[in-house]
Amino acid sequence: MIIIGASQGMLRWFADDLPAGSVVLIEEPDVIRRRNIDHLVEEMPFISRVVQAEYQTGLDAAALIAREPGLTNARLVMPGFEWSVGASASLAEALGLPGAGTAAADIFTDKHRMRLLAAEAGLANPAYELVDDPAAAAAFARRHGGRCVLKPTRRSGSLGVQILTDPEQVAGAWAETADPALTPEVAERGLPSAVLVEQVLDGREYSVELLVTEGEMIFGNVTDKRVLLGRRPVEAGHTVPTLLPDEARQALLDAAARLARAARFRTGVLHSEWIMVDGVPTLIECAARLPGDMITALISIAYECGFIEAYLWTMRGERPKIPTRTTGGAAVEFLTAPPGTVTAFEGVRAARRVAGVLNVHFDVTIGATVGEVTHSLARSGYVLAWGVDPTEATAAAAKAAEQIQIVTG
């Protein structure tokens with residue numbers, strides 16, 4: 001199999017399941033050097049080799065295959081993260097393998113194009129506008145009660161997304177969205193992006209995870225989402241399955257399936273995010289890839305299935321059997337720390353003793369510098385928990401997280 005984009009968190013999912021030498025990893029040349037990606041071959045035996053290719057701003061699939069003819073032996077192609085969705089779809093098409101399709105990949109990696117498609121399909125959007133200067137965004141905010149959301153059209157993980165409550169804030173906030181900081185996975189030449197300004201929607205967020213094969217939805221899940229309050233709506237936790245009543249849950253699944261059909265999404269996972277406004281699913285964002293933030297683990301736990309395995313079989317052109325009903329609940333609570341240098345972790349043993357807790361994980365170490373949580377990668381860890389139902393799982397994760405203090409100085 002071919003994975004485009006070295007998401008080390010995602011690669012660890014495969015450590016115990018894939019045979020040695022079964023994966024070819026494709027990564028940008030400067031990212032390989034900067035992140036020492038070649039060493040992954042030594043650390044993760046299932047990776048056979050790392051192939052250099054520029055793909056984040058467009059992949060020449062034919063040229064890559066001509067240079068690396070061994071890629072024609074691949075059984076599946078998958079993206080490692082957002083920046084590689086388009087390249088994965090392009091390479092899969094060139095190799096005659098299942099994939100999202102290049103048209104759908106292009107739509108779901110550009111938030112403005114996604115909005116246009118949703119409107120054309122009759123799905124609910126917030127009011128929105130593509131803007132090229134702070135004055136236009138501030139004017140939009142004034143027309144919509146003084147509030148607005150600024151977001152880059154081509155980023156993920158809440159990077160550059162800001163909720164502003166006063167038009168006067170726009171000028172000072174503009175650069176963070178218009179020119180988002182480069183995360184380690186991004187090539188040094190950068191990712192072209194524009195700025196979308198949107199109406200602020202009030203309500204709980206939900207995500208829908210669809211597993212699709214040749215345009216047919218074979219699995220659907222709705223996840224309850226919790227986000228940090230304030231200017232930056234970074235995810236704070238998730239629960240599977242949703243606590244919504246069946247009618248609302250089905251409305252979300254139907255809306256997500258309608259979006260998939262409108263984009264002519266072919267094969268893979270479609271992860272969309274919604275807010276219910278007066279009972280109507282209103283689209284926030286959508287990605288043509290596996291969801292992050294431990295949602296795949298939550299699905300696997302709550303449905304007692306191997307969701308990643310089912311995804312891989314789907315990408316090989318198979319039709320896996322996957323349960324349609326949950327047997328329990330699963331929840332994740334993300335850990336944040338005050339800005340500063342990490343000096344200690346307190347309450348970890350108490351957190352692990354909470355009934356239902358499956359894992360306590362830290363993404364920072366003693367001596368690490370922690371900044372403000374402005375995007376998903378800036379969080380400090382998580383607590384994963386199980387329960388007989390989603391309420392019990394959510395309570396267990398929250399109780400364990402409350403025990404933990406990441407001390408900074």
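See the structure printed just above.
Predicted model only: the values in this text are computed from it and were never measured.

*Asks:* Quick one: what's the story with the packing of helix H8 (residues 134-143) against helix H9 (residues 170-178), residue by residue and with numbers?
*Replies:* H9 packs onto H8 with a crossing angle of 120° between their chain directions and a minimal axis gap of 9 Å. Where H8 crosses over H9, the handedness of that crossing is right-handed. Each of Pro134, Ala137 and Ala138 in H8 lies in contact with H9, whose residues at this interface are Val170, Ala171 and Trp174. In terms of residue class, the contact of H8 with H9 is made up of six nonpolar, no polar and no charged.

*Asks:* Which residues make up the nonpolar core, and what are the values?
*Replies:* In this structure, Ile3, Leu11, Phe14, Leu25, Met78 and Leu312 are the most contacted members of the largest nonpolar core, which totals 43 residues. For this core, the secondary structure elements donating two or more residues are helix H1 (8-13), strand S2 (23-27), strand S3 (47-52), strand S10 (216-227), helix H11 (295-303), helix H12 (307-315), strand S14 (329-335) and strand S18 (381-387). No other element matches H12, which puts six residues into this core. For Met78, the residues in contact, after removing those within four places along its chain, are Met1, Ile2, Ile3, Ile4, Met10, Phe14, Ser88, Leu290, Tyr311 and Leu312. Counting 33 residues, the second largest nonpolar core, distinct from the first, contains Phe108, Leu123, Met276 and Cys286.

*Asks:* Can you lay out the pairing of strand S13 (residues 280-287) for me, pointing to particular residues and giving the numbers?
*Replies:* Side-chain positions along a regular strand alternate between the two faces of the sheet. With respect to burial, S13 is a largely interior element, seven of its eight residues being buried. Of the strand pairs in this sheet, strand S12 (residues 268-277) and S13 are connected by seven bridges, and their pairing is antiparallel. By the bridge assignment for S13, His271 is matched with Ala287. If you look at the hairpin formed by S12 and S13, you'll find two residues sitting between the two strands, and Asp278 has a positive phi there, around 50°.

*Asks:* Provide a residue-level description of H12, including the pertinent values.
*Replies:* Of all nine residues in H12, seven are buried; the element is thus mostly enclosed. Residues Phe307, Ile308, Ala310, Tyr311, Leu312, Thr314 and Met315 constitute the buried set of H12. Of the surrounding elements, those touching the buried residues of H12 are H1, strand S4 (77-79), strand S9 (205-213), S10, S12 and H11. Positive backbone phi, at 90°, marks Gly317, one or two positions downstream of H12.

*Asks:* So, unusual backbone geometry: which residues are in play, and what are the values?
*Replies:* The omega angle of the peptide bond from Val240 to Pro241 is 0°, so this bond is cis rather than trans. Tracing the chain through its elements places Pro241 in the loop between strand S11 (235-240) and helix H10 (246-262). Although it is not a glycine, Arg264 adopts a positive phi angle of roughly 55°. With respect to the helices and strands, Arg264 occurs in the loop between H10 and S12. Unusually for a residue other than glycine, Met294 sits at a positive phi of about 70°. Along the chain, the position of Met294 falls in the loop between S13 and H11. Given a relative accessible area of 16%, Met294 falls into the buried group.

Calculation criteria
- Residues numbered from 1 in each chain as written.
- Predicted model: local features only at pLDDT ≥ 70, side-chain atom pairs only at ≥ 80, totals over all residues.
- Heavy atoms only, no water.
- Axes fitted to C-alpha atoms, helices over the stretch in contact; angles between N-to-C directions.
- Helix = DSSP H or I, 4+ residues; strand = E, 2+ residues; numbered from the N terminus.
- Left-handed = near helix turned anticlockwise from the far one by under 90°.
- Contact = heavy atoms within 4.5 Å.
- Nonpolar A, V, L, I, M, F, W, Y, C, P; charged D, E, K, R; others polar.
- Core = buried A, V, L, I, M, F, W, Y, C linked by side-chain atoms within 4.5 Å.
- Buried < 20%, exposed > 50% of the residue type's maximum accessible area, 1.4 Å probe, protein only.
- Pairing = 2+ DSSP bridges.

Read these as spatial facts, not as claims about activity.
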